[in-house]
Structures are given as C-alpha cells and as structure tokens.
There are 2 protein chains.
Amino acid sequence: MADLNALPLAVLSEQFARLPGIGMKSAQRLAYHVMEMSEEEVNEFAKALVNARKTVHTCEVCQNFTENEKCIFCSDPRRDGSTICVVESPKDISAFERTKEYKGVYHVLHGLISPIDGVTPDMLKIKELLARVNGGGINEVIMATNPTVEGEATAMYITKLLRPFGVKVTRLAFGLPIGGMLEYADEMTLFKALENRCEI
Amino acid sequence: MADLNALPLAVLSEQFARLPGIGMKSAQRLAYHVMEMSEEEVNEFAKALVNARKTVHTCEVCQNFTENEKCIFCSDPRRDGSTICVVESPKDISAFERTKEYKGVYHVLHGLISPIDGVTPDMLKIKELLARVNGGGINEVIMATNPTVEGEATAMYITKLLRPFGVKVTRLAFGLPIGGMLEYADEMTLFKALENRCEI
C-alpha cells in the first residue's frame, strides 16, 4: 500500500512532531491546517521562524534572549542593576515581570544541574554569573530556580560558589500558594509553610 | 515597561498561536524551543512549511491532498474505482486506511454544510462528486461524514442529489463502539445501536 500522505505533507508533519508536546496526530492536524492557510501566511510563518532563530541570541550580560547586545532589562537604566534574580530559562522572566513588583535584573542559567540528564554545571551559564558578581556592584543574588530536586541542587551549588564574594544570596519563599486549599497541599509544601511561618 | 520579549520572538510566538489548539502560553514555549534548535534545523522546518504549501494541492479527481495530478488512491490501479467513500477532510482518509479493509477510492468534501458557520453546499466539493458519479462506472457511494448534526445534514443533502443517478448510496453504521461500555454510552448511540440491531 502506498504512503498515506503526499510526501511534503509527511515531512511537514514530522517537523511539527519534533516540537515539544506535539504528538504525531496533532502534528498531522497542524500540517493539514497549513494547507488551508494562504501561501502568503505560510511564507510569513516560515520567515518568522528563520528570522527569530537568526536575529535572536543571548544577552551578553544576563543570557536572556535579545536581538541586541544587551536585553531590554540589562539596557534599561530604571532597573536596579545591583539585584540579580537567577532563573532557569527566559520564560521564567515573563512570570516575574507579570508580578510587576520586581525591579532588579536577571540571570538566565539556560538549564538546571541534572546528572541524570547529563547536564553538568559547566553546561549552564554559571561562570557568566560569577563574572558579573566578581565585577562588583551587586548587593543581592536571588536564587529563583524551581522548587524541584534539580532546582534546589542548582541553587545550593551556585550559593556555595557565591559565598567567597560576600554577596547576599537569597532563595524564593516556599509555602502555600495564594488561593490554594490546605487540604489539597502536599506534605512538602505544608512542611515549608510551617517551617517558614511568620508572626502576624 | 518595555516588551517582555525581543520582537522577533514575539512575532514567532504569535505565528504559533494562530495554529489550531495552540494557546499563547504553548506558543511562547514553542518559540523558545525554536531558539534551542540549530539554525539548520530551523531552516529545514521553514522549508518544509513553504514546500508543503507550494507543492501540495488537491487531487483533480477526489480532492484529496497530493503533489501530483492524481492522489495515491486515484492513481492506484489496485483500488476499486467503482466505490467512493465520501469524507469531510483528508485526515479522515488516514482513519479508513488504518482499517486496511477499504479498497475503494475517496472523495473529500473539504468541510460540512453548516449554515451557522456560513458554510453553504457550494463551498464544498459536492459538484465534483456529482460530476464523478455522472461520468459513470460508480456502483456505490458511501457517506462517511461524522455522526454530528452537520455530518448528518451533509450526508442527507448529498444523498438527495445522488438519487437521480440511480447509484447505491450507503451510510456508515452507527452503534456501540467496540470496547465501549453500555453504561457509558449516550442515549443517541444506544438508540442507534438498538435501531440497527441485527440477528445473531
């Protein structure tokens, strides 16, 4: 029996299926959708892909994505350059910006230490962070990695490396999420909430 | 406050978000993933997009997607050209081919009649189907649209148009899905299963 799809459609489906979170069936559905788009729309999509990959690189200071030498946070004089918030990936920055509370700058590690996945400290942007702190003018480094095994391990590892510089190193508070229900909280969260309780 | 993302990344996210079933958050995640792909991989992805849209068109006989004049089913001499299975979209063909039982050919309507969505019969490939049947050599037309209001209405509409040609028109059987549980079957399915019961 012949192939189910015309070849270029199969190739496109495979390309979609390589994206994270998109299975073969969704990929086929997306490929069929592309057939219903105008040629102009498809060309624009393709151009956006190539253009983003070509023009966007990492900020020379904080390793966030940018199309310039420095990212919008590092080049903004209104941001407090003495406070660095260390995150796993650029999308974590969006989360902090949504709070509209944080006015410092960032440092993107581009991953977390995870021996099981073969990610060693030298594969992350840790030496770039040390160089920034070594350069002076930094008061506080906030370890804002996720509260997972890898996130904790990475935060502890970097904290140790930062000790000699005498800079203040903090970690995000962990506890009950706002709007969350006590009865649904897992033990670790409740333990942290109890441990970090404060006087009212 | 400045934009959260470098512009080309935002443009790419928007492009992903236009695809069906992909929200703004998934789109951003996909755009960030593209940043982690090699430039070569991204170029290949973009090429697959443009190439599929440019070279793939509809089969001049059955309206299925193909890169040639006729699709792989219409050009396959081993297929029974006297039986036409009428489906809503090309992806339905894949479903029938997976059964490995159907040996006839197809006809893709590219939609279903749906006044509420502004889809009228003349926007579907119905006249192409009538022309095929009018051309002769057709024994049976299987209406294989979905068992939905639109699918039923479209099947009934086309059946009426086919009557004058004296061709046999059939509809897929509806009943309990294999492996399904009686207690979870909805009333319409159970009603159909009862109505279409057969002697054992």
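Residues numbered from 1 in each chain as written. Chains lettered and ligands numbered in written order. Predicted model: local features only at pLDDT ≥ 70, side-chain atom pairs only at ≥ 80, totals over all residues. Heavy atoms only, no water.

Quick notes on the sheet that holds strand β3 (residues 80–87) of chain B
All names here are of chain B. Sheet architecture is open: four strands sit in the order β4-β3-β5-β6, paired in parallel fashion. Pairing within the sheet leaves two strands with one partner each, and these edge strands are β4 (104–108) and β6 (168–171). Between one strand axis and the next, the sheet turns by 25 degrees as a mean value, whatever way the strands run. Sheet topology places β3 next to β4; five bridges connect them, and they run parallel. Paired with V86 across the strands is H107, a residue of β4. The sheet strands contacting helix α4 (residues 90–99) are β3 and β4, and the helix crosses β4 at an angle near 155 degrees. Sitting on the sheet, helix α6 (residues 149–162) is in contact with β5 (140–143) and β6, with an inclination near 170 degrees to β6. (Pairing = 2+ DSSP bridges. Helix = DSSP H or I, 4+ residues; strand = E, 2+ residues; numbered from the N terminus. Axes fitted to C-alpha atoms, helices over the stretch in contact; angles between N-to-C directions. Contact = heavy atoms within 4.5 Å.)

As for the state of the cysteines
Residues and elements named next belong to chain B. Overall, the coordinates contain zero disulfides over all chains when judged by the stated rule. Considering cysteine sulfurs only, C62 is the nearest to C71, which forms no disulfide, with 3.6 Å between them. Using a relative accessible area of 0% as the deciding quantity, one classes C71 as buried. (Disulfide = S-S within 2.5 Å. Buried < 20%, exposed > 50% of the residue type's maximum accessible area, 1.4 Å probe, protein only.)

Considerations on the domain arrangement of chain A
As far as domains go, chain A holds domain 1 (7–55) and domain 2 (71–199). Once you take the C-alpha centre of each, domain 1 of chain A and domain 2 of chain A turn out to be 35 Å apart. (Domains from an automatic or database assignment.)

A word on the interface of chain A and chain B
With 55 residues of chain A in contact, the opposing surface of chain B contributes 55 residues. Roughly 5,200 Å² of surface becomes buried between chain A and chain B when both sides are summed, with 71% attributable to carbon and sulfur atoms. Applying the counting rule to chain A against chain B returns zero salt bridges. One can count four residue pairs in polar contact (both at pLDDT 80 or more) joining chain A with chain B. Residue assignment for the side of chain A that touches chain B shows that the elements contributing at least two residues are α1 (7–17), α2 (24–36), α3 (39–55), β2 (65–66) and α4 (90–99) of chain A. It is α3 of chain A that provides the largest number of residues to the side of chain A that touches chain B, a total of 15 residues. Residue composition of the side of chain A that touches chain B, grouped by class: 30 nonpolar, ten polar and 15 charged. (Buried area = accessible area lost by both parts, 1.4 Å probe. Salt bridge = Lys/Arg side-chain N within 4 Å of Asp/Glu carboxyl O. Polar contact = N/O pair within 3.5 Å; in protein donor to acceptor, adjacent residues only side chain to side chain. Nonpolar A, V, L, I, M, F, W, Y, C, P; charged D, E, K, R; others polar.)

A short note on the pairing of β6 of chain B
All names here are of chain B. Pairing analysis gives four bridges linking β5 to β6, with the strands arranged parallel. Bridge pairing in β6 places E140 opposite K168. With α6 bridging β5 and the parallel β6, this β-α-β connection has right-handed handedness. (Right-handed = clockwise from strand over helix to strand, strands pointing away.)

Concerning the environment of G111 of chain A
Its location among the elements puts G111 of chain A in the loop between β4 (104–108) and α5 (126–134). Residues G111 of chain A and E39 of chain A, spaced 72 residues apart in sequence, show a C-alpha to C-alpha distance of 37 Å.

Brief notes about the relation of the copies chain A and chain B
One chain copy maps onto the other through a rotation about an axis and a shift parallel to that axis. Take chain A, turn it by 180 degrees, move it 0.0 Å along the axis, and it overlays chain B with an RMSD of 0.1 Å. Such values leave the two copies arranged in the relation of a two-fold axis. Minimal C-alpha distance to the rotation axis in chain A is attained by A46 of chain A, lying at 2.3 Å. (Least-squares fit on C-alpha atoms with pLDDT ≥ 70 in both.)

Thoughts on the sheet that holds strand β3 (residues 80–87) of chain A
Residues and elements named next belong to chain A. One open sheet holds the four strands; their spatial order is β4-β3-β5-β6, and the pairing between them is parallel. The sheet is open, and its two edges are formed by β4 and β6 (168–171), each paired on a single side. Within this sheet the neighbouring strands show an average axis-to-axis angle of 25 degrees, counted without direction. The strands touched by α4 within the sheet are β3 and β4, with β4 carrying the most contacts at an inclination of about 155 degrees. Most of the contacts of α5 go to β4, to which it runs at about 145 degrees, and overall it touches β3, β4 and β5 (140–143).

Some points on the packing of α3 of chain A against helix α1 (residues 7–17) of chain B
The N-to-C vectors of α3 of chain A and α1 of chain B enclose an angle of 145 degrees; their axes lie 9 Å apart at closest approach. Classified by chirality, the crossing of α1 of chain B by α3 of chain A is left-handed. Contacts between α3 of chain A and α1 of chain B involve E41, E44, F45, A48, L49, N51, A52 and T55 of chain A from the former and P8, V11, L12, Q15 and F16 of chain B from the latter. Grouping the constituent residues of the contact of α3 of chain A with α1 of chain B by class yields eight nonpolar, three polar and two charged. (Left-handed = near helix turned anticlockwise from the far one by under 90°.)

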